[in-house]
Amino acid sequence: MKILVPVKRVVDAYVKVRVKADNSGVETNNVKMSMNPFCEIAVEAAIRLKEAGKVDDIILVSIGGKQAVETLRTGLAMGADRAIHIEATDLEPLAVAKALHAIATKEEVGLVIMGKQAVDNDHNQTGQMLAALTDWSLATFCSGVDVGDDTVEATREIDGGLQVLSVPLPAVLTVDLRLNEPRYASLPNIMKARKKPIDTVALADLGVDDTPRVRTVRVEEPPARAAGVVVDSVAALVDKLQNEAKVIGQ
Ligand code: AMP
């Protein structure tokens, strides 16, 4: 079975995000960029399925500017087999899902594993839209994945417990934080990844209508938090909680 893993290049999760001066979005110039953490977890899941003999070919796909190739190389160094770069920037989740649909159909993949959300815009939409476009089964927020011959058993973390679903293949799975801990690429694998193939595809060649349907009105930083104070006794703390913060009763 072939598996498709869409990976997005985003502002590194440990970098403090800055809003652009004109409030049109987030600054990405001269900022460290990395693979979206949830996408790393999806790549790791795909590699483990290959190591378990359940998957033959791991195809990565990234939609983005030229530097998305670096993100693809990272995934190839982790252990994916090949990659597709779709050149396009600032696409909405629906357009991304349409491009992924085109690739998934062309490559005849049996499974798509992807992040539950991209940490740059927190849309949490693309997997759901892809499942609708392909008319495949969907399991979101997976913290466990067990692939059988015709079905996938997916464990989902829900409020107050775990839900286990059995979904028929082909399927789209979106992964949550606790599914696995992604591996670091070893130096020999980074060298090997340089020789793995990356195809470039133009968005127009996939027949995707990327007309925007959503307009970002304004992006703002959260309000700065007021500085804390150090109190010198428990009594003073209780007094402040009762009379200033008013979060506990008298
Ligand atoms: P989102 O719906 O934007 O929060 O993204 C959810 C998941 O969709 C991500 O974790 C990726 O797996 C995939 N995805 C979103 N945008 C892209 C992109 N530009 N290129 C590749 N995959 C993407």
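The structure we're discussing is the one just above.
All values reported here derive from a predicted model rather than from experimental measurement.

Digging into the sheet that holds strand β5 (residues 82–87)
In spatial order, the strands read β9-β8-β7-β10-β6-β1-β4-β5-β11; together these nine strands make up an open sheet with mixed pairing. The outermost strands of the open sheet, each flanked by one partner alone, are β9 (161–168) and β11 (198–202). Neighbour to neighbour, the strand axes of the sheet diverge by 35° on average, direction disregarded. With six bridges joining them, strand β4 (residues 57–64) and β5 adopt parallel strand pairing.

So, the site of the ligand
Surrounding the ligand, one finds 18 residues, the nearest of these being I63, A118, N124, Q125 and T126. With respect to the ligand, the backbone of A118 contributes an N or O atom lying 2.8 Å from an oxygen atom. Protein burial of the ligand: of its 480 Å² of free accessible surface, 97% is covered by the chains. Listed by contribution, the elements that provide at least two residues to the shell around the ligand are β4 and β6 (111–115). Among the elements that line the shell around the ligand, the one with the most residues is β4, at three residues.

Looking at helix α1 (residues 37–51)
The end-to-end C-alpha distance of α1 is 21 Å, a good match for the 21 Å that 15 residues give at a rise of 1.5 Å each. Every buried residue of α1 is accounted for by F38, C39, I41, A42, V43, E44, A45, A46, I47 and L49. Taken from the residues just after α1, G53 is the one with a positive phi, measuring 80°.

As for the pattern of salt bridges
Within the structure shown, the criterion is met by 17 salt bridges. Of the charged contacts in the structure, one is a salt bridge between E107 and K2, with a shortest N-O distance of 3.2 Å. Of the two residues, E107 sits in helix α3 (residues 93–107) while K2 sits in strand β1 (residues 2–6), which places them 105 residues apart along the sequence. Where R9 meets E70, a salt bridge forms, and the shortest distance between an N and an O atom there is 3.4 Å. In this pair, R9 sits in strand β2 (residues 9–11) while E70 sits in helix α2 (residues 68–78), placing the two residues 61 residues apart along the sequence. Classification of R9 as buried rests on a relative accessible area of 18%.

How each quantity is defined
- Residues numbered from 1 in each chain as written.
- Predicted model: local features only at pLDDT ≥ 70, side-chain atom pairs only at ≥ 80, totals over all residues.
- Heavy atoms only, no water.
- Pairing = 2+ DSSP bridges.
- Helix = DSSP H or I, 4+ residues; strand = E, 2+ residues; numbered from the N terminus.
- Axes fitted to C-alpha atoms, helices over the stretch in contact; angles between N-to-C directions.
- Near = heavy atom within 4 Å.
- Polar contact = N/O pair within 3.5 Å; in protein donor to acceptor, adjacent residues only side chain to side chain.
- Areas by Shrake-Rupley, 256 points an atom, 1.4 Å probe, with all protein chains shown as cover.
- Expected span 1.5 Å × (residues − 1).
- Buried < 20%, exposed > 50% of the residue type's maximum accessible area, 1.4 Å probe, protein only.
- Salt bridge = Lys/Arg side-chain N within 4 Å of Asp/Glu carboxyl O.

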